[in-house]
Amino acid sequence: MNRRLAPVAVAAALALTATACSSSGSPGGSATDRGERLSVVTSFYPLQFATQSIAGDAVDVTVLTKPGAEPHDLEIAAQDLSRLTRADLVVYSKGFQPAVDDAVEQVDAEHVVDVSPAAHLTLTAAEEAGHAGESEAQHAEHAEGGTDPHFWLDPQRYASVAEAIRARLAELDPERAATYDANAKAFVGRLTALDEEFETTLKGCTTKDLVTSHAAFSYLAERYGFEQHGIAGVSPEAEPSAAALAEITELVKEHGVTTIYQETLVEPHFAETVASSSGATVATLDPLEGITDASAGSDYFEVMRSNLAALEQGQNCS
Ligand SMILES: [Zn+2]
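Only a predicted model underlies this, so the values are computations on that prediction, with no experimental measurement involved. Sequence order as written defines residue numbering, which begins from 1 separately in each chain. Per-residue local features of the predicted model are confined to residues with pLDDT of at least 70, and side-chain atom pairs are confined, for both listing and counting, to 80 or more; whole-chain, interface and lining totals are unaffected and use all residues. Think of the side-chain values as coming from all heavy atoms in the structure, minus any hydrogens and water.

Caption draft 1: Region of the structure containing the coordination of the zinc ion. In this analysis a donor is any N, O or S atom within 2.8 Å of a metal ion (3.2 Å for sodium, potassium and calcium), and since water is not included, sites may seem incomplete. Protein-derived ligands of the zinc ion are His72 (NE2), His150 (NE2), His214 (NE2) and Glu289 (OE), with the metal-ligand distances lying across 1.8 to 2.3 Å. In short, tetrahedral needs four donors with all angles between 85 and 135 degrees, square planar needs four and octahedral six donors with opposite donors over 155 degrees apart and all other angles between 65 and 115, and whatever is left is irregular. What the 4 donor atoms of the zinc ion show is an angle range of 93 to 120 degrees at the metal, which sorts the shape as tetrahedral.

If you want it as structure tokens, here you go:
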């Protein structure tokens, strides 16, 4: 396999070196100049969706996390690693998927864009999902995940990331820069409209506590004035202790929370436990880590509007 791939890799490396060395875009440099489609590998759904929306059909955009797979614990197979090292560009967000963080270290930095600086990852999961009265050790346990990576659930942060992707595509493929600019403008325009819809709809909610199954909604909560209480930590695998479950059930009762949110890719067991022992009902809030047949829409915008409808009802906003 290495012998078959080697000439391709060398040719690509030479071509890309040529691009890198010629700021004026001399002939024969980019993949498009060679009559090939640019290939961009993205690490999970929101990055795939933004990149595809901005790049259009001229670019071959693929994703490492398969639809329906839980992205936090993604494993990278050998063929994925080879896709990564041969791609014209790899789009990922450092700190979300440890396997991707490791794999991109084997990719030339010229061909990688980490969107996390553009995402303004200012919240830690612990700050938003921490429960009052827990011990130091319990706190450390769910603070382990550190920074909350789920920036795309805040349309403004997602727009900032889209802009970073646009800039990198334009740099890589200057001939299509005008197309990328126009597509990015349209994409950001849709995000701005979505943000305004959230803002308007969620203005008068009487329930401010947002009880979710995994702590994916810190940025959404901050943007629209909720306080998130995650039953699990920032990664859905971090199972809650019995004490944490009891504590969150108590909070639900005391604060008059009427709805507990479960999600599509994670087993609803804990959300149901809290709901049944507190008298609340269960609704779905999708963290948009992947689109499947079970999703309440076929893309980010549709699912976010479904989330908005669930919040409007569950947080008692009308
Ligand atoms: Zn998550």
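Caption draft 2: Representation of the packing of helix α8 (residues 155-172) against helix α9 (residues 177-201). Every angle, taken between N-to-C directions, lies between 0 and 180 degrees, and every axis is a line fitted to C-alpha atoms, over only the stretch in contact when it is a helix. Starting at the N terminus, helices and strands are each numbered in turn, a helix being any DSSP run of H or I of at least four residues and a strand any DSSP run of E of at least two. Packing of α8 against α9 brings their axes to within 9 Å, and their N-to-C directions diverge by 180 degrees. It follows that α8 is roughly antiparallel to α9 by the angle criterion. Packed against α8, whose contacting residues are Pro155, Gln156, Tyr158, Ala159, Ala162, Arg166, Leu169 and Ala170, the element α9 presents Ala177, Tyr180, Asp181, Ala184, Phe187, Val188, Leu191, Leu194 and Asp195 at the interface. Ten residue types, Ala, Val, Leu, Ile, Met, Phe, Trp, Tyr, Cys and Pro, are classed as nonpolar, four, Asp, Glu, Lys and Arg, as charged, and the remainder, Gly among them, as polar. Of the residues in the contact of α8 with α9, the class split is 13 nonpolar, 1 polar and 3 charged. Geometric relationships in this document are graded by angle, where less than 35 degrees denotes roughly parallel, more than 145 denotes roughly antiparallel, 65 to 115 denotes roughly perpendicular, and other angles denote oblique. Every residue pair with non-hydrogen atoms within 4.5 Å of one another is taken to be in contact.

Caption draft 3: Layout of the pairing of strand β1 (residues 38-42). Burial here depends on accessible area, computed with a 1.4 Å probe over protein chains only, as a share of the maximum for the residue type. Under 20% is buried, over 50% is exposed, and the range in between is partly exposed. Of all the 5 residues making up β1, 4 are buried; the element is thus mostly covered by neighbouring parts of the structure. Relative to strand β2 (residues 59-63), β1 runs parallel, the two being bridged by 5 bridges. Bridge pairing in β2 places Thr42 opposite Val63. Classification remark: right-handed applies to a crossover when, strands pointing away from the viewer, the course from the first strand over the helix to the second runs clockwise. Crossover β1 to β2 through helix α2 (residues 45-55) is right-handed. Pairing geometry for β1 and strand β3 (residues 89-92), over 3 bridges, is parallel. Bridge assignment links Val41 to a residue of β3, and that residue is Val90. The rule for pairing is simple: two strands pair if DSSP sees at least two bridges between them.

Spatial relationships are all this shows, so hold off on functional conclusions.
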